Amino acid sequence: MRTLLLFGFLGSMATASHAQTIAAYRYWFDDDASTLVNVPVTAGQQFTLNTDLAAEIAGDGYNRITLQTQDDLGAWSVPLTKLFHRQGGDLTAWQYWFD
């Protein structure tokens, strides 16, 4: 039992020894992979996305936007999908944050 606990502890130490940084993000609309936009960013542990998105691709009415971030090891985060409604104008704001 001690060996199992030691391996678990050492495994978590090895995982925690690499501080992940955000290296890119991508987004797409309505589960349509042809609208995917991939954007590399300057790597950092914090990233603020403040940009215009090509929401006109989505069209009017109810749509979904999906966002993922990529770390410096090349792994993508779990996709986050949110519903929004567009009435012919531009998508003017969208906020996402986590602890």
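Up top you'll find the structure we're talking about.
Residues numbered from 1 in each chain as written. Predicted model: local features only at pLDDT ≥ 70, side-chain atom pairs only at ≥ 80, totals over all residues. Heavy atoms only, no water.

Re the pairing of strand β1 (residues 22–29)
Let me state the cut-off plainly: Accessibility here uses a 1.4 Å probe with only protein chains present; expressed as a share of the type maximum, an area under 20% marks a residue as buried, one over 50% as exposed, and anything in between as partly exposed. The way it works is that DSSP assigns letters per residue, a run of H or I at least four long becomes a helix, a run of E at least two long becomes a strand, and they are numbered from the N terminus. By definition, two strands form a pair when at least two bridges between them are found by DSSP.
The buried count for β1 comes to 6 of 8 residues, which makes it a mostly enclosed element. By the bridge criterion, 5 bridges tie β1 to strand β2 (residues 37–44) in an arrangement that is antiparallel. Looking across to β2, one finds that Arg26 is bridged to Asn38. Relative to strand β3 (residues 61–71), β1 runs antiparallel, the two being bridged by 7 bridges. Bridging across to β3, Phe29 finds its partner in Ile65.

Some remarks on the environment of Val37
Rule in force here: When checking whether two residues touch, look at their non-hydrogen atoms; a contact exists if any pair is within 4.5 Å.
Take Val37: it is sitting in strand β2. In this structure the C-alpha to C-alpha distance between Val37 and Tyr25, which are 12 residues apart in sequence, comes to 8.5 Å. Excluding residues that lie within four positions of it along the chain, Val37 makes contacts with Tyr25, Arg26 and Tyr27.

Concerning the nonpolar core
Cut-off, in case you're wondering: Put simply, buried Ala, Val, Leu, Ile, Met, Phe, Trp, Tyr and Cys residues joined by side-chain atoms within 4.5 Å make one nonpolar core.
Grouped together as the largest cluster of nonpolar side chains are 11 residues: Ile22, Tyr25, Tyr27, Phe29, Val41, Leu53, Ala55, Ala58, Ile65, Leu67 and Phe84. When contributions to this core are tallied by element, the ones reaching two or more residues are β1 and β3. Ranked by residue count, the leading element in this core is β1, at 4 residues. With residues near it in sequence (within four places) discarded, Ala58 still touches Phe29, Asp30, Asn63 and Phe84.

Observations concerning the sheet that holds β3
Filter applied, for reference: Here an axis means a line fitted to C-alpha atoms, over the contact stretch when the element is a helix, while the angle between two N-to-C directions is reported on a 0 to 180 degree scale.
Read across the sheet, 4 strands follow the order β2-β1-β3-β4 without closing on themselves; strand pairing throughout is antiparallel. In the strand order of this sheet, the two ends are held by β2 and β4 (80–86), each with one partner. Pairs of neighbouring strands in the sheet enclose a mean axial angle of 25 degrees, with direction left out of account.

Some remarks on the packing of aromatic side chains
Two measures describe an aromatic ring pair: the distance that separates the ring centres and the angle between the ring planes. Stated precisely, the cut-off is as follows: Think of it this way: a Phe, Tyr or Trp ring, Trp meaning its six-membered ring, pairs with another when their centres are within 6.5 Å, and the plane angle makes it stacked under 30 degrees, edge-to-face over 60, tilted otherwise. The criterion for a charge sitting over a ring is simple: Lys NZ or Arg CZ within 6 Å of the ring centre, and within 35 degrees of the ring normal.
Counting across every chain of the model gives 3 aromatic pairs. Considering the side-chain rings of Tyr25 and Tyr27, the 6.4 Å spacing of their centres and the 15 degrees angle between planes classify their relative orientation as stacked. Neither Tyr25 nor Tyr27 differs from the other in exposure class; each is buried. Consider the rings of Tyr27 and Phe29, whose centres lie 5.8 Å apart with planes at 80 degrees: the pair is edge-to-face. A single burial state applies to Tyr27 and to Phe29, both of which are buried. Over the face of the ring belonging to Trp76 we find Arg26, whose NZ or CZ atom lies 3.8 Å from the ring centre.

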